[in-house]
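Read off the chains here:
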Amino acid sequence: MAGAHGYQARFGIDPSSSTVTLALDVLSFKKSPLLARLEKGRNLLIMDEISDANMGMQNLGRRLLWTREINGARLSKDTYIICMGNRTKDKSGAGRVSGKVKNATTRFEMESNLDDWVNNFALPNDIDPVTIQFLRFRPGLLDMYDPDKEASPTPRQWDLVNRVPTSLKIFLTALAII
């Protein structure tokens, strides 16, 4: 019988003594190429949406943060780990981050900045210049997240706006004028 934690269980009953025995055989896992790469050189390991993980997964993540080892692979001293997630107070659906993870990390709160967004995201990703100019005209609209509204402008949403086909934008503009 295979266990959920990577072990194999065998049960045995000795009929002469009515003794029940349980033997556990630990399974070994093949080391992934990704983990092998993290053992050498300078790396960045991102644990995204840690606040969405259940407590069991957060505890496993915390073990990686604390021991810098996973499945027999030891992270190089030049491997940096970044955990990312939303705050519960933003009402984005994020869960609570465990005290264990909080204790093993340093937290930074990020804020949107139009110049940073334009120079480091919009221009390198070919965001339509009209969108950029509109946001320069109304910079407060870059990020107005409001958990109580159905939709809010955020940097991620402006990227999605950019993906709307140009012909559809013209049609939408025409509808807005009518």
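Residues numbered from 1 in each chain as written. Predicted model: local features only at pLDDT ≥ 70, side-chain atom pairs only at ≥ 80, totals over all residues. Heavy atoms only, no water.

Caption draft 1: Molecular detail of the overall build of the chain. Scanning the chain from N- to C-terminus turns up seven helices and six strands. Walking the chain from its N terminus toward its C terminus, one meets helices and strands in the order β-β-α-β-α-β-β-β-α-α-α-α-α. The contacts of the chain with a sequence gap of at least 6 include a subset with a gap of at least 24, amounting to 50%. Carbon and sulfur atoms form 57% of the exposed surface of the chain, whose accessible area is close to 13600 Å². (Helix = DSSP H or I, 4+ residues; strand = E, 2+ residues; numbered from the N terminus. Contact = heavy atoms within 4.5 Å. Areas by Shrake-Rupley, 256 points an atom, 1.4 Å probe, with all protein chains shown as cover.)

Caption draft 2: The arrangement of the packing of aromatic side chains in detail. Under the criterion given, the structure shown has two aromatic pairs. For the ring pair Phe134 and Trp158, a centre distance of 5.9 Å and an interplane angle of 50° mean the geometry is tilted. Within this pair, whereas Phe134 is found in helix α5 (residues 129-137), its partner Trp158 is found in helix α6 (residues 155-162), the two being separated by 24 residues in sequence. Classification of Phe134 by relative accessible area gives partly exposed; the value is 33%. (Phe/Tyr/Trp six-rings, centres within 6.5 Å; stacked < 30°, edge-to-face > 60°. Buried < 20%, exposed > 50% of the residue type's maximum accessible area, 1.4 Å probe, protein only.)

Caption draft 3: Region of interest: the pairing of strand β3 (residues 43-47). What you see with β3 is a clean split: Asn43, Leu45 and Met47 sit on the buried side and Leu44 and Ile46 on the side with no burial. Inspection of the sheet shows β3 paired to strand β6 (residues 79-83) by five bridges, in the parallel sense. Along β6, the bridge assignment pairs Leu44 with Tyr80. (Pairing = 2+ DSSP bridges.)

Caption draft 4: Structural context of the confidence of the model for the chain. Per-residue confidence for the chain gives a mean pLDDT of 78; residues scoring 70 or more make up 72%. Model confidence for the chain, summarised as mean pLDDT per element, is weakest for strand β2 (residues 19-26) at 53 and strongest for helix α4 (residues 114-122) at 96. (pLDDT = per-residue confidence, 0-100.)

Caption draft 5: Fine view of the nonpolar core. The biggest cluster of nonpolar side chains holds eleven residues, and these are Leu35, Leu38, Leu45, Met47, Ile50, Leu64, Leu65, Ala73, Leu75, Val97 and Val101. Breaking this core down by element, the ones donating at least two residues are α1 (33-38), β3 and α2 (55-67). Excluding residues that lie within four positions of it along the chain, Met47 makes contacts with Gly61, Leu64, Leu65, Ile81, Ile82, Cys83 and Met84. Core analysis: the second largest hydrophobic core is formed by ten residues, Leu114, Val118, Ala122 and Leu142 among them. (Core = buried A, V, L, I, M, F, W, Y, C linked by side-chain atoms within 4.5 Å.)

Caption draft 6: Examining a nonpolar patch on the surface more closely. Taken together, the side chains of Leu44, Ile46, Tyr80, Ile82 and Met84 present a nonpolar region at the surface, about 450 Å² in accessible area. Contributing elements (two or more residues each) for the nonpolar patch: β3 and β6. Along the polypeptide, Leu44 turns up in strand β3. Since its relative accessible area comes to 52%, Leu44 is described here as exposed. (Patch = residues over 30% accessible without salt bridge, like charges linked within 9 Å, V, L, I, M, F, W, Y side chains within 5 Å. Salt bridge = Lys/Arg side-chain N within 4 Å of Asp/Glu carboxyl O.)

Caption draft 7: Spotlight on the pattern of salt bridges. Per the stated rule, a full pass over the model turns up three salt bridges. For Asp78, the salt bridge identified is with Lys77, shortest N-O distance 3.7 Å. By relative accessible area, Asp78 is classed as partly exposed at 29%. Given the relative accessible area of 72%, Lys77 is considered exposed. Of the charged contacts, one joins Arg136 and Asp115 as a salt bridge, the two residues approaching to 2.9 Å between their closest N and O atoms. Placement of Arg136 in helix α5 and of Asp115 in helix α4 is noted, with a sequence separation of 21 residues between them.

Caption draft 8: Structural view of the packing of α4 against α5. Contact pair α4 / α5: the axes reach a minimum separation of 11 Å and the direction vectors enclose 170°. Of the possible angle classes, the one that applies to α4 and α5 is roughly antiparallel. Contact with α4, carried on its side by Leu114, Asp115, Trp117, Val118 and Ala122, involves Ile132, Leu135 and Arg136 of α5 and no other residues of that element. Looking at the contact of α4 with α5 residue by residue, the class counts come to six nonpolar, no polar and two charged. (Axes fitted to C-alpha atoms, helices over the stretch in contact; angles between N-to-C directions. Parallel < 35°, antiparallel > 145°, perpendicular 65-115°, else oblique. Nonpolar A, V, L, I, M, F, W, Y, C, P; charged D, E, K, R; others polar.)

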